[in-house]
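Notes for the structure review
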Amino acid sequence: MTAGNKNINRLYHHLESGIVIPSGYVSNRNRSDSETYLQIKEKALELEKFYNESNVIIPDSCGLSKLIKSAKILSDSWLKNDVHNLSNTILWDSAHLNRVSDSIFTLRDEKDIKFYLKKLTKGSLDLLQRDNSEAKNFLWELELLHMLRSHGVVAILKEPPDIVAEFEGSKIGIACKKIYSENNFEKVLSDGVSQIEREYDFGIVAINIDDLTPPGSLFVASSQVEMGDEISKLNDVFIKKHERHFRKYLSTGRILSALVSTAVLADLKKERVRLNNARQSTVWMIPGLTREKTKVFNNFYNQIMA
């Protein structure tokens, strides 16, 4: 589990068709485990304070409550040198608390803060299980919003679509979709396209496929580079499989691009800090865009994945 200074590696690759224009990143924060566990507990306490100040209750039965409790237990046990009896679940939950907390804090200045905070208490936030929940669906919106804002893009939550970003004088509508099964992907993509109103200059469908990875298991790799390559392959396989759907639903109107993203909890066997939250994002753009539109999208994606 990592926290602290962040190192980012850019990764590039191309599909044989030449249509996909992928770009992604993996990040790693290096700091000692004892400091990290304490920092994650501090994030847990800050989340509780955030909810309390917003007058929103975190039910004991919800997934967020479970992550917060695990982060406290892990930190306290580590400081007491009493971690040998802890289950792996406590460690995994703490890693996920570290992942979700930064995105949740993105809500601090939102107008409808209570509405959004309550969404995150509705159902499971167990990111190793494959259960559909409102909390996990909304988390993907928040993670993308956090990604945009942390890279200098002005973006807001708006329904519909889900996110509206302003970039280089253009207004971009982004529909966020979390996929639990490939069987109904065509309908999900169609729904995402229909969410984006004509008032936007461009449209993007942002697809999260975390829950298509095997349940209850870590992603194992030797290094950050291998991890990034393997996660990219998952995105590429998904895009190739559904390319006909992308062409069908993104070939008309202003929906010109799709972003496919996978986040995993990874065990990097040869790294000093073995447990990492890792994300890789791959971009598909409509072929044959005008030079102006291609420039806007390339600049947009280069900025948010830098």
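Before any of the text, the structure's been laid out above.
The present account deals with the structure reproduced in this document. Bear in mind the structure is a predicted one, so any value in this text is a computation, not a measurement. (Residues numbered from 1 in each chain as written. Predicted model: local features only at pLDDT ≥ 70, side-chain atom pairs only at ≥ 80, totals over all residues. Heavy atoms only, no water.)

Quick word on unusual backbone geometry
Between Glu159 and the following residue, Pro160, the backbone shows a cis peptide bond with an omega angle of -20 degrees. Mapping Pro160 onto the fold places it in the loop between β3 (154–157) and β4 (163–167). Its identity as a non-glycine residue notwithstanding, Asn55 has a phi of 60 degrees, on the positive side. Phi at Glu168 is positive, roughly 50 degrees, even though this residue is not glycine. With respect to the element layout, Glu168 can be found in the loop between β4 and β5 (170–178). (Helix = DSSP H or I, 4+ residues; strand = E, 2+ residues; numbered from the N terminus.)

Remarks on the side chain of Ser54
With respect to the secondary-structure elements, Ser54 resides in the loop between α1 (33–53) and α2 (63–79). Classification of Ser54 as buried rests on a relative accessible area of 10%. In this structure Ser54 touches Ile113, Lys114 and Leu117, once residues within four positions along its chain are discounted. (Buried < 20%, exposed > 50% of the residue type's maximum accessible area, 1.4 Å probe, protein only. Contact = heavy atoms within 4.5 Å.)

Quick notes on the packing of aromatic side chains
In the structure shown here, the tally under the stated rule is 12 aromatic pairs. Here Phe185 and Phe246 contribute two aromatic rings whose centre-to-centre distance is 5.7 Å and whose plane-to-plane angle is 65 degrees, an arrangement assigned as edge-to-face. Linking Phe185 in helix α6 (residues 185–195) with Phe246 in helix α8 (residues 243–249), this pair joins segments that are 61 residues apart in sequence. Given a relative accessible area of 0%, Phe185 falls into the buried group. Ring plane angle 25 degrees and centroid distance 5.6 Å describe the contact between Phe246 and Trp284, whose orientation is recorded as stacked. Taken together, the positions of Phe246 in helix α8 and Trp284 in strand β9 (residues 275–285) put the pair 38 residues apart, joining distant regions of the chain. A residue is classified by how much of its surface remains accessible, and Phe246, at 0% relative accessible area, is buried. Clustering of aromatic rings is evident, with ring pairs tying together Phe167, Phe202, Phe297, Phe300 and Tyr301. The cationic tip of Arg108 hangs over the ring face of Phe50; the distance from NZ or CZ to the ring centre is 4.9 Å. (Phe/Tyr/Trp six-rings, centres within 6.5 Å; stacked < 30°, edge-to-face > 60°. Lys NZ or Arg CZ within 6 Å of the ring centre and 35° of its normal.)

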